[in-house]
Amino acid sequence: MILASCMNDVQRRRYRLLAFASTWTGCMSEVLFDSSAIVLLFITALGGSEALTMFSTGFSSVAWAVLLIPCSELARKKGLKWCLSWGVYLGMAGIFLLVLSPCLGRYAMSAALAGCAVFAISRPVHLAAWTPLLNGILRKDERGSFFGFMRFSYQLIAMILFSSVGFFMGDKPPVWVLQLVIGICGLLLLGRKLCIDRIPAVSGVSAGELSFKKQLRNTMRNSALMSFAVYCGGIFLTTAVSLPLTLLYLKKSVSLGSGTIQLVAVCGTVGTMTGYLSFGYLLRRFNVKKLLLASHLSIILFTCALTFCVPEFSFTPGACAVILLGQSFAAACFTNCFSTEMLALSRPGQYTTSTAICSAYNSVGRVAGSWAVSFAMGSGLLAASWQKGGLTFTHYQTIELVCAGFALILLAVLPTVPAIIPDREDYYDAGKK
């Protein structure tokens, strides 16, 4: 049952506003972990090494990759609202464990990592039910503009919040300031639950619905969806490491203060926010094919540019900020293309399973990137620095160069992506008569 077809314009508008409001409150904690320097600085303040800090950024991707498909079945059986509620409870538990970790003495680092892990587990529990919930209140022509404005609006709020935090906390903030910021983001998760509770959802397994195994098998046979998921997983592998890697580079090699690093991170948020805001217009003005190509090529270009932000240049911090802004804009457009295509290529009645598998591939790419970088940095596999043309390049630049090369290789995969070179007419809404 598709609820959107049973609603009038006023009802859909109300439920869209509630969905927006749920992200304005609930996604602050996700931005905290994904795009802000706060958690990285907090782990570092507890004595975490570079490798351990990068390792902590991969928890969410691991949880998504491993738990999204089981959580999709849980959402089918227990209901979307049940999963969404437990996503909030687990997220708050993880954040407050992270906040209280400095009180645990020698176990502080273990508790902090455990808090990051628990919060990461909450995310697939939430995501497995969130996309199917939205599918029930959105018409096809509303998806692109909805995803664009939703992500833009919460990124705008996040930019204002975290830029203010970066301005006031200074270059060497005490641990209690970081705890306060993280704790407030945890409390805001309650707003997510209050809003979602007011959005209608189909609960439980419908009569005549295919079993989970059959849905899984049918989804895996959807070649258009699977080829798109594999391609996107490769791109997300590249984009997932750039922001935390650049922030660590500015902290360790350029020796920027914490407040300045947070402001650089905000530039990434501005780029992401601008990409989300303009996506609806860009999608109407061009199409998914052109946006995917442009986003892919831009990601290669900006990742390459980060390679040349060496410590000798006085403009390196400013250059990193500008490059992260552009790269985040491209990544935001690519992410919205992923969301719209994922729903368009899913077969009717299999949205929960299809979106879970697509998002799992996305997460496999992200965790592979984060953990490969963590291993390379922690094992000493890469030289700490090397000289070329009178300039000093660090292992951070080496990793950025490898990521750009990998994204370049992925251009060879583009012919398998339905939006780029469609060779059939039944890709979209497959299975409909």
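Residues numbered from 1 in each chain as written. Predicted model: local features only at pLDDT ≥ 70, side-chain atom pairs only at ≥ 80, totals over all residues. Heavy atoms only, no water.

Let's talk about the overall build of the chain
For the chain, the count of helices and strands is 16 helices and two strands. For 433 residues, the compact-globule formula gives about 22 Å, and the C-alpha radius of gyration of the chain, at 21 Å, lands near that figure. Each principal axis of the C-alpha distribution contributes one length, and for the chain these read about 65 × 50 × 35 Å. Looking at the chain as a whole, 58% of its 433 residues are labelled buried. If you take every contact in the chain between residues at least 6 apart in sequence, the share linking residues at least 24 apart comes to 85%. Of the roughly 17,600 Å² of accessible surface on the chain, 67% is carried by carbon and sulfur atoms. Mean positive and mean negative side-chain charge positions of the chain (34 and 17 charges, respectively) differ by 5 Å. (Helix = DSSP H or I, 4+ residues; strand = E, 2+ residues; numbered from the N terminus. Rg over C-alpha atoms; globule rule 2.2 N^0.38 Å. Buried < 20%, exposed > 50% of the residue type's maximum accessible area, 1.4 Å probe, protein only. Contact = heavy atoms within 4.5 Å. Areas by Shrake-Rupley, 256 points an atom, 1.4 Å probe, with all protein chains shown as cover. Lys, Arg positive; Asp, Glu negative; His and termini not counted. Charge placed at Lys NZ, Arg CZ, Asp CG, Glu CD.)

Comments concerning the packing of helix 7 (residues 143-169) against helix 12 (residues 258-285)
Where helix 7 contacts helix 12, the axes come no closer than 8 Å and their chain directions differ by 165°. Between helix 7 and helix 12, the angle is such that the two are roughly antiparallel. In this structure, helix 7 crosses over helix 12, and the sense of that crossing is left-handed. Residue composition of the contact of helix 7 with helix 12, by class: 14 nonpolar, 12 polar and one charged. (Axes fitted to C-alpha atoms, helices over the stretch in contact; angles between N-to-C directions. Parallel < 35°, antiparallel > 145°, perpendicular 65-115°, else oblique. Left-handed = near helix turned anticlockwise from the far one by under 90°. Nonpolar A, V, L, I, M, F, W, Y, C, P; charged D, E, K, R; others polar.)

Focus: the pattern of salt bridges
Counting across every chain of the model gives five salt bridges. Its salt-bridge partner being Glu 73, residue Lys 77 comes within 3.5 Å of it at the nearest N-O pair. Residue Lys 77 and its partner Glu 73 are both found in helix 4 (residues 59-78); the two are separated by four residues, about one turn of the helix. Salt bridges sharing common partners tie together Glu 30, Arg 123 and Arg 192. (Salt bridge = Lys/Arg side-chain N within 4 Å of Asp/Glu carboxyl O.)

Digging into the packing of aromatic side chains
What describes a pair of aromatic rings is the distance from one ring centre to the other and the angle between the planes of the rings. In this structure the tally under the stated criterion is 14 aromatic pairs. Measuring from centroid to centroid gives 6.3 Å for Phe 20 and Trp 24, while their planes differ by 15°, and the two rings are stacked. A residue pair is termed a helical-turn pair when its members lie 3 or 4 positions apart in one helix, as Phe 20 and Trp 24 do in helix 1 (residues 9-34) at four residues. Relative accessible area serves as the criterion here: at 29%, Trp 24 is assigned to the partly exposed category. With 5.0 Å between their ring centres and 75° between their planes, Phe 20 and Phe 149 make a pair best called edge-to-face. Of this pair, Phe 20 sits in helix 1 while Phe 149 sits in helix 7, placing them 129 residues apart in sequence. With a relative accessible area of 36%, Phe 149 lands in the partly exposed category. (Phe/Tyr/Trp six-rings, centres within 6.5 Å; stacked < 30°, edge-to-face > 60°.)

Side note on the pairing of strand 1 (residues 385-388)
Both strand 1 and strand 2 (residues 391-394) contribute to a ladder of four bridges, which runs antiparallel. The residue of strand 2 that forms the bridge with Trp 386 is Phe 393. (Pairing = 2+ DSSP bridges.)

Regarding helix 7
A rise of 1.5 Å per residue sets the reference length of helix 7, with its 27 residues, at 39 Å; its end C-alpha atoms lie 38 Å apart and thus fit the reference within 8%. Looking one or two places after helix 7, you find Gly 170, whose phi comes out positive at around 75°. (Expected span 1.5 Å × (residues − 1).)

Structural notes on the packing of helix 5 (residues 80-100) against helix 6 (residues 108-135)
The contact between helix 5 and helix 6 brings their axes to 7 Å, and the two run at 160°. Classified by the interaxial angle, the pair formed by helix 5 and helix 6 is roughly antiparallel. In terms of crossing hand, the pair formed by helix 5 and helix 6 is left-handed. In the contact of helix 5 with helix 6, the residues fall into 21 nonpolar, six polar and one charged.

Brief notes about the nonpolar core
The biggest cluster of nonpolar side chains holds 65 residues, and the ones touching the most others in it are Leu 32, Phe 33, Ile 38, Phe 162, Ile 182 and Leu 247. Setting aside residues up to four positions removed in sequence, Leu 32 forms contacts with Ile 38, Val 39, Phe 162, Val 181, Ile 182 and Cys 185. Listed in part, the 28 residues of the second largest apolar core include Cys 71, Leu 80, Cys 83 and Ile 137. (Core = buried A, V, L, I, M, F, W, Y, C linked by side-chain atoms within 4.5 Å.)

As for the environment of Ser 255
Within the secondary structure, Ser 255 is located in the loop between helix 11 (223-252) and helix 12. Residue classification places Ser 255 among the exposed residues on the basis of a relative accessible area of 56%. When the C-alpha atoms of Ser 255 and Leu 17 are compared, they prove to be 43 Å apart, with 238 residues separating the residues in sequence.

Some remarks on the confidence of the model for the chain
On average, residues of the chain score 82 in pLDDT, and 91% of them are at 70 or above. Segment residues 204-208 is flagged for pLDDT under 50; beyond a separation of four residues in sequence, or across chains, it makes five contacts in the model. Counting interchain partners and residues more than four positions distant, the pLDDT-below-50 stretch residues 424-433 has 19 contacts. (pLDDT = per-residue confidence, 0-100.)

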